[in-house]
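Single-letter residue listing:
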Amino acid sequence: MIDENLARLRAHRNNITRYRSLLGTRLSDIERQVITRRLSEEMAALQRLTQPEPQIYVSEPSASGISARDIGTVAPPPST
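First, a word on what this report is: a plain description of the structure on this page. Keep in mind the model is a prediction, meaning the values are calculated, not measured.

Turning our eyes to something else, we now look at the side chain of Glu42. On the secondary structure map, Glu42 appears in helix 2 (residues 29-50). With no salt bridge to any partner, buried Glu42 finds its closest opposite charge in Arg38, at an N-O distance of 4.1 Å. Setting aside residues no more than four positions away along its own chain, Glu42 makes contact with His12, Asn15, Ile16 and Tyr19.

Written as structure tokens, this is what we have:
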């Protein structure tokens, strides 16, 4: 899974570099719009991959008084 994520990160980074390079060339207005949109999409995808995933805290229903439907929901860490 780590190798797969690294490959995705590398692919997005390479695409961003390529699109930025293309924007420095002579393009028609339509080509520039398409490349700008693709650059934005690649940057958003890269940002999603680099953001940490939310932590999920699970407690025993009987210990905390929560119902079974609450297990697996995102919650803040318990205070100490």
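One way to put it is that helix 1 (residues 2-23) packs onto helix 2 with a least axis distance of 9 Å and a crossing angle of 155°. As summarised for this structure, helix 1 and helix 2 are arranged roughly antiparallel, according to the angle between their axes. In this structure, the crossing between helix 1 and helix 2 has a hand that is left-handed. Contacts from Arg8, Leu9, His12, Asn15, Ile16, Tyr19, Arg20, Leu22 and Leu23 of helix 1 reach helix 2 at Arg32, Ile35, Thr36, Arg38, Leu39, Glu42, Met43, Ala45, Leu46, Leu49 and Thr50.

What follows concerns the pattern of salt bridges. A side chain of one charge can pair with a side chain of the opposite charge when the charged atoms of the two come close. Per the counting criterion, the structure on display carries 3 salt bridges. Between Arg8 and Glu4 there is a salt bridge, with its nearest N and O atoms 2.9 Å apart. In this pair, Arg8 and Glu4 are both assigned in helix 1, 4 residues apart and thus about one turn of the helix distant. A salt bridge links Glu41 to Arg38, with the shortest nitrogen-to-oxygen separation between them at 3.5 Å.

Our focus in this paragraph is helix 2. The end-to-end C-alpha separation of helix 2 is 32 Å, in line with the 32 Å expected for 22 residues at 1.5 Å each. Every buried residue of helix 2 is accounted for by Ile35, Leu39, Glu42 and Ala45. All buried residues of helix 2 fall inside an arc of 130° around its axis, so they share one side. Away from its buried face, by an angle of more than 90 degrees, helix 2 presents the exposed residues Asp29, Ile30, Gln33 and Arg48. Of the surrounding secondary structure, the elements contacted by the buried residues of helix 2 are helix 1.

What counts as what
Residues numbered from 1 in each chain as written. Predicted model: local features only at pLDDT ≥ 70, side-chain atom pairs only at ≥ 80, totals over all residues. Heavy atoms only, no water. Helix = DSSP H or I, 4+ residues; strand = E, 2+ residues; numbered from the N terminus. Buried < 20%, exposed > 50% of the residue type's maximum accessible area, 1.4 Å probe, protein only. Lys, Arg positive; Asp, Glu negative; His and termini not counted. Salt bridge = Lys/Arg side-chain N within 4 Å of Asp/Glu carboxyl O. Contact = heavy atoms within 4.5 Å. Axes fitted to C-alpha atoms, helices over the stretch in contact; angles between N-to-C directions. Parallel < 35°, antiparallel > 145°, perpendicular 65-115°, else oblique. Left-handed = near helix turned anticlockwise from the far one by under 90°. Expected span 1.5 Å × (residues − 1). Arc of directions from axis to C-beta.

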